[in-house]
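Per-entry structural report
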Amino acid sequence: MEKVGDLSATTRTEVLVVGAGPTGLLLAVILAKLGIDAAIVDSKSGPTRESRALVLQARTMEILDQLDMVDPVLAETVTVTAASPGFERTSFGRVPIGRIGAEVSPFPGLHVLEQSKTERILVDQLERLGGSVLWNHRLAGLADQDANGMGVEAVLDGPEGRIRMSAAYCVGADGASSMVRKLRGIPFEGITNEHTFYVSDAHGVTGLEPEVVNIRFGTDDFLITFPMAPGGHDRLLGTIRLSDVNEFVTEDAARTKLARVFGVGYDVTSWFSTYRISHRVAARFRDGRVFLAGDAGHVHSPIGAQGMNTGLQDAHNLAFTLAAVLRTGEVFPALDRYEAERRPVALRLVSTTDRLFSIVTGSSVRSRFIRRRASRLVVPVVVGVVPRLPGARRIFEYLSQTRIHYWMSADARITRHRGRVVGRRLQWTGTNFDVLRSLDWQVHFYGTVDRRQAVRVLSALRLPFHSFPTVGASRLSPDRFYLVRPDGFVAAEATGDEAIRVFRSALAEQGVRRARHARVDTVSG
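Structural notes, computed from the coordinates. Only a predicted model underlies this, so the values are computations on that prediction, with no experimental measurement involved. (Residues numbered from 1 in each chain as written. Predicted model: local features only at pLDDT ≥ 70, side-chain atom pairs only at ≥ 80, totals over all residues. Heavy atoms only, no water.)

Regarding the nonpolar core
Side chains of a nonpolar character, in soluble globular proteins, are inclined to be buried together. By size, the foremost hydrophobic cluster in this structure holds 71 residues, and its most contacted members are Leu16, Leu26 and Leu322. With nine residues, the top contributor of residues to this core is helix H8 (residues 307-327). Apart from residues lying up to four places away in sequence, Leu322 is in contact with Val15, Leu31, Tyr169, Val171, Phe291 and Leu335. Core analysis: the second largest hydrophobic core is formed by 31 residues, Leu110, Ala305, Val379 and Val386 among them. (Core = buried A, V, L, I, M, F, W, Y, C linked by side-chain atoms within 4.5 Å. Buried < 20%, exposed > 50% of the residue type's maximum accessible area, 1.4 Å probe, protein only. Helix = DSSP H or I, 4+ residues; strand = E, 2+ residues; numbered from the N terminus. Contact = heavy atoms within 4.5 Å.)

Structural data, given as structure tokens:
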């Protein structure tokens, strides 16, 4: 661990966020909304200008809605409601992902927004909350403040020299090459794939199904595209198989491949880049009072458009965890919850995208057979039947990250029993998401509530209470009480007779010492 030098002036804050990409910015925004003093720094001169990551999944949109930020995002997004699989130049039809997810989330489909615009919206929101980013400041040192680990101390190199900053906690949201991770000596375990990806923001695109996500297999190649604006402005993402891994892929080579294999052409590009895909997860997401989030903790293939969304959900989870310890008196071990919940998500995601990536890029007999034969025989049938399959909703939930599961108790971790509701984000009934904007623990009831029973439960727990007349199309059960965390995940469920005992136990498992409010509301709709 690098030792911090002896500098005279020290800036103090509760949370130091290193990295002002989408993950770090969202973390700073939520902390500001929760009344936490946070400083966010970045070595760049300002928000990114490239489009970079550009898909916001349904769960991310729900989080932005909870934070009263979804309207400016919706004003600039392109909403994609269908995907079109195919082989080389042939499309096999359209899968209506928006219709499949219509009863799962208020934001079905994919929402395409350039990372540069996402960052600008987040910076604007942070400034409205009284915060700002300390640009042009590079992390040069990071160490525990004392032998007891009662804080961290960072050294930052800026335009006017070095400054020292002390904080109760530090979060590394500084990308795949994270300096925070390196300074803490946390291994970044995994591999870098030998194949090269190219990414192009192209204008005047031809040869694609318009206004949908195109997924095209080839014998030796793969292409996925996202519409960025009307009129043939698309993100093209594909692979090129090279004989020499050190060979450089030019735009002309990629353009030739697109035309010859997939029949895709374009007029000009506003951005073209190439990169190698890594599949890596940090060995730890927490080291004392230092945490990793986003690409600093996990990187993987762009297949499935999961990466930025996973980082944003890291930030959402961690912000509430830090705020609870700093403000509401939750016990210090509650900080372990972040790694226990988010690292398994990263491991599963990296494992899944690694397997998919091996299929679309692998040179094995099996991978080539899937691309050459199976994709042309199986995929057209799947396209036709998926909307009618009982499992279609589940597929959407996985892709939209609305099905993520956390273990809410020690017993659940032992039994490994995954419930339909507990440990998952609160299911949408059509009317029950607005109350989540309070950003606090709360109790829900669905069905006809016995008011005397509700008063007894809430008098004991002293938490806000909301009742809803129907479960809608969700998997929630009528006539049951649900304990909902500030991040919208369900911590426990119980009948009225058991709610006090079950919810007290669940609150203790989550490290909550006491509740702060008592209110009984009846919410209709």
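What follows continues from the structure just given.
Section: the packing of aromatic side chains
Per the stated rule, a full pass over the model turns up 11 aromatic pairs. Feature note: the residues Tyr169, Phe285, Phe291 and Tyr338 constitute an aromatic cluster, connected by ring pairs. A cation over an aromatic ring shows up here: Arg181 above the ring of Phe188, its NZ or CZ 3.7 Å from the ring centre. Above the ring of Tyr266, the side-chain terminus of Arg255 is found at 4.2 Å from the ring centroid. (Phe/Tyr/Trp six-rings, centres within 6.5 Å; stacked < 30°, edge-to-face > 60°. Lys NZ or Arg CZ within 6 Å of the ring centre and 35° of its normal.)

Re a positive patch on the surface
Taken together, the side chains of Arg348, Arg413, Arg416 and Arg418 make up a positively charged region of the molecular surface. Looking at Arg416, the relative accessible area reads 51%, which means it is exposed. (Patch = residues over 30% accessible without salt bridge, like charges linked within 9 Å, V, L, I, M, F, W, Y side chains within 5 Å. Areas by Shrake-Rupley, 256 points an atom, 1.4 Å probe, with all protein chains shown as cover. Salt bridge = Lys/Arg side-chain N within 4 Å of Asp/Glu carboxyl O. Lys, Arg positive; Asp, Glu negative; His and termini not counted. Charge placed at Lys NZ, Arg CZ, Asp CG, Glu CD.)

Focus on the pairing of strand E14 (residues 222-229)
For E14, a buried count of seven out of eight residues is recorded, marking the element as mostly surrounded by other parts of the structure. As paired elements, strand E13 (residues 213-217) and E14 share four bridges and run antiparallel to each other. By the bridge assignment for E14, Ile215 is matched with Ile224. Between the antiparallel neighbours E13 and E14 lie four residues. As defined by bridge partners, E14 adjoins strand E15 (residues 233-240) across six bridges and the pair is classed as antiparallel. Among the inter-strand pairings, Thr225 is bridged to a residue of E15, identified as Leu236. (Pairing = 2+ DSSP bridges.)

Overview of the pattern of salt bridges
This structure, assessed with the given rule, holds 24 salt bridges. One salt bridge connects Asp287 with Arg184, and the closest N-O pair in it is separated by 2.8 Å. One end of the pair, Asp287, is in strand E17 (residues 286-287); the other, Arg184, is in the loop between helix H6 (179-183) and strand E12 (188-203), with 103 residues separating them in the sequence. Take Asp287: its relative accessible area is 18%, and that puts it in the buried class. One network of salt bridges, in which partners are shared, links Asp65, Asp68, Asp434 and Arg437.

Considerations on helix H5 (residues 115-128)
Along its 14 residues, H5 runs 20 Å from first to last C-alpha, staying within 8% of the 20 Å computed at 1.5 Å per residue. Restricting attention to buried positions, one finds in H5 the residues Gln115, Ser116, Thr118, Glu119, Ile121, Leu122, Val123, Gln125 and Leu126. Turning to H5, the residues buried within the fold contact helix H1 (22-33), strand E2 (38-41), helix H3 (70-74) and strand E8 (133-134). At the exit of H5 stands Gly130, carrying a positive phi of roughly 95 degrees. (Expected span 1.5 Å × (residues − 1).)

Concerning a nonpolar patch on the surface
On the surface, Leu377, Val378 and Val382 cluster together into a nonpolar patch covering about 270 Å² of accessible area. Inspection of the secondary structure assignment puts Leu377 in helix H10 (residues 365-385). The exposure class of Leu377 is exposed, given its relative accessible area of 61%.

Considering helix H2 (residues 58-66)
Among the nine residues that make up H2, nine are buried, leaving the element largely enclosed by the rest of the structure. For H2, the full list of buried residues reads Ala58, Arg59, Thr60, Met61, Glu62, Ile63, Leu64, Asp65 and Gln66.

Some remarks on the sheet that holds strand E3 (residues 55-56)
Read from one edge to the other, the open sheet built from three strands follows the order E3-E7-E4, with strand pairing classed as antiparallel. Each end of this open sheet is capped by a strand with a single partner; those strands are E3 and strand E4 (78-80).

Examining the sheet that holds strand E16 (residues 268-282)
Strand order across the open sheet formed by eight strands is E6-E5-E13-E14-E15-E12-E16-E19, with mixed pairing between neighbours. The open sheet has two edge strands, strand E6 (90-91) and strand E19 (298-299), and neither has a second partner. Bridge analysis of E12 against E15 gives seven bridges, and the strand direction is antiparallel. Within E15, the position partnered with Asp201 by the bridge is Arg235.

Some details on the side chain of Asp65
Position of Asp65 relative to the elements: it lies in helix H2. Not counting residues within four places of it along the chain, the set of residues in contact with Asp65 comprises Val70, Phe107 and Arg437.

Some words on the packing of helix H13 (residues 451-461) against helix H14 (residues 499-509)
Relative orientation of the contacting elements H13 and H14 amounts to 30 degrees, with a least axis distance of 10 Å. It follows from the interaxial angle that H13 and H14 lie roughly parallel. For the crossing formed where H13 meets H14, the hand is right-handed. Of H14, the residues touching H13 (which contributes Arg456, Val457, Ala460 and Leu461) are Ala499, Ile500, Phe503, Arg504 and Leu507. Grouping the constituent residues of the contact of H13 with H14 by class yields seven nonpolar, no polar and two charged. (Axes fitted to C-alpha atoms, helices over the stretch in contact; angles between N-to-C directions. Parallel < 35°, antiparallel > 145°, perpendicular 65-115°, else oblique. Left-handed = near helix turned anticlockwise from the far one by under 90°. Nonpolar A, V, L, I, M, F, W, Y, C, P; charged D, E, K, R; others polar.)

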